[in-house]
Amino acid sequence: MLGIHQAFDGIQGLIFDALSLGADTFQFFVRNNRNLKMRQFHVMDFKYFNEALENSGITTYVLHASYAMNPASIDEEKRQNAVRIIKEDLSVLASMNGNKKYVIHPGSATDCYRTEALMQLVKTMYDVFPLVPKNTTICLEFMAGQGTQLLSSLMEIKALRTMFEPTEPLQICVDTCHAFGAGFPP
């Protein structure tokens, strides 16, 4: 697959922009990463998107979650805010056809041990799994490991995978830039 991470120009524009560049997938955001404000959609936006998608040959695309949330926070208010944001984003994906990936940065271990933060991340995922739409997979992103970022080592990824059933709608997204920043390959 060859895709682009593009500016948002309406959801129909995502398909046309990708095709004009010869891409067969795309990644986008539905909210401002600074203030977390969700873009407003009309039912016709989804109708036109789904029609354009059907005629495009694109089968899989990615919605990237906001960077400005911490689904691994031990502060329950912050963690619940992440749950709310994820649920809202999943509701947008529920109106969109195709195979969808929803990429989430796993969060950070702030004011706690990494194992505590990892358990909070697992709790967040189980809070949102019931709302994952058909043909959608949540992808936790491998991180470079700056500061207290989670999932920046193969050991943490392996530990995380043991906390979920194989049938859960969860995968790991390997961002090659993050992997390089984390020291891979050695």
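Please refer to the structure higher up on the page.
Residues numbered from 1 in each chain as written. Predicted model: local features only at pLDDT ≥ 70, side-chain atom pairs only at ≥ 80, totals over all residues. Heavy atoms only, no water.

Some remarks on the packing of aromatic side chains
- Enumeration according to the criterion identifies 10 aromatic pairs in this entry.
- When the ring of phenylalanine 26 is compared with that of phenylalanine 49, the centres are 6.4 Å apart and the planes differ by 85°; the resulting orientation is edge-to-face. Of this pair, phenylalanine 26 sits in strand β2 (residues 25–28) while phenylalanine 49 is found in helix α2 (residues 43–54), placing the two residues 23 residues apart along the sequence. Each member of the pair, phenylalanine 26 as well as phenylalanine 49, carries the same accessibility label: buried.
- For the ring pair tyrosine 126 and phenylalanine 129, a centre distance of 5.3 Å and an interplane angle of 80° mean the geometry is edge-to-face.
- The partly exposed category is assigned to tyrosine 126, whose relative accessible area is 33%.
- Taking relative accessible area as the criterion, phenylalanine 129 reaches 8% and is therefore assigned buried.
- Pairwise contacts between aromatic rings join Phe26, Phe28, Phe49 and Tyr61 into one cluster. (Phe/Tyr/Trp six-rings, centres within 6.5 Å; stacked < 30°, edge-to-face > 60°. Helix = DSSP H or I, 4+ residues; strand = E, 2+ residues; numbered from the N terminus. Buried < 20%, exposed > 50% of the residue type's maximum accessible area, 1.4 Å probe, protein only.)

Observations regarding the pattern of salt bridges
- The full count for this structure, using the stated rule, is eight salt bridges.
- Residues glutamate 51 and lysine 47 are paired through a salt bridge, measuring 2.6 Å at the closest nitrogen-oxygen approach. Taken as a pair, glutamate 51 and lysine 47 lie in helix α2 at a separation of four residues, close to a single helical turn.
- According to the relative accessible area criterion, glutamate 51 is partly exposed, its value standing at 37%.
- Residue class for lysine 47 comes out partly exposed when judged on its relative accessible area of 40%.
- Arginine 84 is paired through a salt bridge with glutamate 88; the nearest N and O atoms lie 3.0 Å apart. (Salt bridge = Lys/Arg side-chain N within 4 Å of Asp/Glu carboxyl O.)

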